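# Examination of the molecular architecture
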Amino acid sequence: MSNSSNLRLDDLNISRLNLIVALDQIDNQRQWAVMFEDGDRIVKISCQALPELGVPHGIDNDVSAALIDHFNSLGQPETGVLELSATQLLRLCAFHSGGTYYIMLRQSLERMHSASYSVSGGWRDHPNSRWTHAKFHFIESLDYSAREAGTFDERTIIRVRLAEAIVSSLRSGYTKPLDFAFMYSLSRPRTRILFRVLDAVRVNPEKLDEVVNSFEVDLMAWADQCKIPNGIPGNVRRALEGPHQELLKRGYLREVTYLGRGKSQRIRYDFHPAFTPLDPALIRRLRQHGVVDGVARQLANEYSKALLLDLIDRFERLVSTGVLVVKKTPAHALVHLIRNPDQYPLAVTETPGPARRLPKVKPPELLTDPRTELEAEFLGKTPEQRSDAVLARLTLLYPRKFNVTELDVLRQKVLRGDLDPAVLLSQGAQAMANLDA
């Protein structure tokens, strides 16, 4: 059973449509196309790929999810550009850092860069509450440093630009929680793909706060959604059997039931309620103040959504008016207020007569950290973690200023200890502030 400490956000368009073939390996498959009815809409989705690479499948699900997760962790940059080391991306995918995995990672990125997708009538324009069309490559541009042409190794720096359609979808908030730790702990790529799409279809695509604990679908339509290229019901069931058994054993699914016979069969999935995702609006509010997802889940289990939102509003009012002084972290102060609301004023109100100073509220254990914010950020990190963090922060400060080879050199200097990350970022931020970048 997952403790949801690694619950983060996935794009709902990508996960619902499932653009990755739910097979560990494919046999030179160059294209696929599916069409289905969704209410009063006809949805068509197709994929065209290069013959030498084939359509995205298997581990491409892990890589695509990791790229979306990294994009979110950077604050969803409008450019959609991500710059990170190959080693860091392997770690985000929960892969080992070995020669075989570097080869697999490069091939996966090349597939998602070269494959062309077309979605007709099934891409959600969340801000305008309408269904639209989209054509894109998951990765619109791909660049990387390499000591040998066409190879990845521990020094490789990767620059990718996500499709504009995906960037817009994520930035518009068309997202859902995804338990990355649970997904990456599943044994096979096929099972991880099925988990991701199952977790997405539980969410009402037009009302994101509505989540169901059971789901029923036509067997052959489900094969299309999972992109399992086989028109024989028995073969589809066999392809799903392994993933079903693992998800049942791990407690995500309570039951899988087949109804009917032949091509008219339907599948009913019953989910374990413990895996009901957190409300996206609530988790965003808590994250704004640094509350980690594990704590957010505990709070959501103990208090109603309405009460939590009300207490977050109170916290923000008290901080903005100076009544509450945060001396350690906003997350610590907010959680203390939620668990001890009686210790805090209900609101800041105007009172008639002479102006009066409201008392400062000092919650227990809010101690000042003597280290600077940057020094504290790098304290306790490994050299590799420091170098990856510097890369992420510096490329946000100076997008597209450095090529991938220069970023490779910079990362190596931090990795070896030739450059102090806190000093480097401080100087970089100061130069930006002085317009001397």
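All values derive from a computational prediction rather than experimental measurement.

The rules we used
Residues numbered from 1 in each chain as written. Predicted model: local features only at pLDDT ≥ 70, side-chain atom pairs only at ≥ 80, totals over all residues. Heavy atoms only, no water. Salt bridge = Lys/Arg side-chain N within 4 Å of Asp/Glu carboxyl O. Helix = DSSP H or I, 4+ residues; strand = E, 2+ residues; numbered from the N terminus. Buried < 20%, exposed > 50% of the residue type's maximum accessible area, 1.4 Å probe, protein only. Expected span 1.5 Å × (residues − 1). Polar contact = N/O pair within 3.5 Å; in protein donor to acceptor, adjacent residues only side chain to side chain. Core = buried A, V, L, I, M, F, W, Y, C linked by side-chain atoms within 4.5 Å. Contact = heavy atoms within 4.5 Å. Pairing = 2+ DSSP bridges. Axes fitted to C-alpha atoms, helices over the stretch in contact; angles between N-to-C directions. Phe/Tyr/Trp six-rings, centres within 6.5 Å; stacked < 30°, edge-to-face > 60°. Lys NZ or Arg CZ within 6 Å of the ring centre and 35° of its normal.

Before going further, it helps to spend a moment on the pattern of salt bridges. Applying the stated criterion across every chain yields a total of 19 salt bridges. One salt bridge connects Arg111 with Asp60, and the closest N-O pair in it is separated by 2.8 Å. Taken as a pair, Arg111 in helix 4 (residues 99-114) and Asp60 in helix 2 (residues 60-73) lie far apart in primary sequence, 51 residues in all. Here Arg111 falls in the buried class, since its relative accessible area comes to 9%. Ionic contacts of the salt-bridge type, sharing partners, join the residues Arg91, Glu384, Asp388 and Arg411 into one network.

Now for unusual backbone geometry. Although it is not a glycine, Asn18 sits at a positive phi angle of roughly 50°. With respect to the element layout, Asn18 can be found in the loop between helix 1 (12-17) and strand 2 (31-38).

Spanning 13 residues, helix 16 (residues 404-416) covers 18 Å between terminal C-alpha atoms, matching the ideal 18 Å at 1.5 Å per step. Here helix 16 has its buried residues at Val404, Leu407, Asp408, Leu410, Arg411, Gln412 and Val414. For helix 16, the side-chain oxygen to backbone nitrogen distance between the N-cap and Thr405 is 3.0 Å, and the N-cap itself is Asn403. Remark: Gly417 follows helix 16 within two positions and exhibits a positive phi of approximately 90°.

By size, the foremost hydrophobic cluster in this structure holds 83 residues, and its most contacted members are Leu67, Leu109, Phe136, Ile158, Trp222 and Tyr269. Those residues within four positions of Ile158 in sequence are excluded, and the remaining contacts are Leu82, Glu83, Leu84, Ser85, Ala86, Leu89, Leu105, Leu109, Leu142, Asp143, Tyr144 and Phe152. Leu286, Ala296, Leu318 and Leu334 belong to the second largest nonpolar core, which has 19 residues in total.

Another aspect to go through is the sheet that holds strand 13 (residues 253-259). Spatially, 12-14-13 is the arrangement adopted by the three strands of the open sheet, whose pairing is antiparallel. Looking at strand neighbours, the two that pair on one side only are strand 12 (214-218) and strand 13, the edges of this open sheet. Each neighbouring strand pair of the sheet contributes to a mean axis angle of 15°, computed without reference to strand direction. Of the pairings in the sheet, the one linking strand 13 to strand 14 (residues 266-271) comprises six bridges and is antiparallel in character. Residue Val256 lies in a different strand from strand 14, and its bridge partner there is Tyr269. Its contacts with the sheet put helix 9 (residues 233-249) on strand 13 and strand 14, and the angle it makes with strand 13 is roughly 155°.

Our next topic: the packing of aromatic side chains. Summed over the entire model, instances satisfying the criterion amount to 12 aromatic pairs. Between Phe180 and Tyr184 the ring centres are 6.0 Å apart and the planes differ by 55°, which places this aromatic pair in the tilted class. Here Phe180 and its partner Tyr184 are both found in helix 6 (residues 180-185), four residues apart, which amounts to about one turn of the helix. The pair Phe180 / Tyr184 is uniform in exposure class, with both members buried. Counting every residue linked through ring pairs, the aromatic cluster contains Trp32, Tyr117, Trp123 and Phe136. Just above the ring of Phe271 sits the side chain of Arg202; from NZ or CZ to the centre is 4.4 Å.

Let us look at the pairing of strand 5 (residues 116-125). Counting buried positions over the 10 residues of strand 5 gives seven, a clear majority of the element. Note that strand 3 (residues 41-48) and strand 5 share five bridges and pair antiparallel. Bridged to Lys44 within strand 5 is Ser120. Examined bridge by bridge, strand 5 and strand 6 (residues 130-136) share six bridges and lie antiparallel to one another. Bridged to Val119 within strand 6 is Ala134. Hairpin connection between strand 5 and strand 6: a loop of four residues separates the two successive antiparallel strands, and Ser129 in this loop has a positive phi of roughly 50°.

It is worth spelling out helix 13 (residues 330-339) at this point. Across the 10 residues that make up helix 13, a large majority, seven, are buried. Residues Ala331, Ala333, Leu334, Val335, His336, Leu337 and Ile338 constitute the buried set of helix 13.

Let us look at the environment of Ala333. Along the chain, Ala333 falls in helix 13. On the basis of relative accessible area, Ala333 is assigned to the buried category, the value being 0%. On a C-alpha basis, the gap between Ala333 and Val319 in space is 10.0 Å, while along the polypeptide they are 14 residues apart.

The subject of this paragraph is the side chain of Thr156. Topologically, Thr156 is positioned in the loop between strand 7 (139-144) and strand 8 (157-162). Residue class for Thr156 comes out buried when judged on its relative accessible area of 0%. Engagement of the side chain of Thr156 in a polar contact is seen with the backbone oxygen of Ser145, the distance being 3.4 Å. A polar contact is formed between the side chain of Thr156 and the backbone nitrogen of Asp153, at a distance of 2.9 Å. Residues within four places of Thr156 in sequence aside, it is in contact with Leu84, Ser85, Ala86, Tyr144, Ser145 and Thr151.

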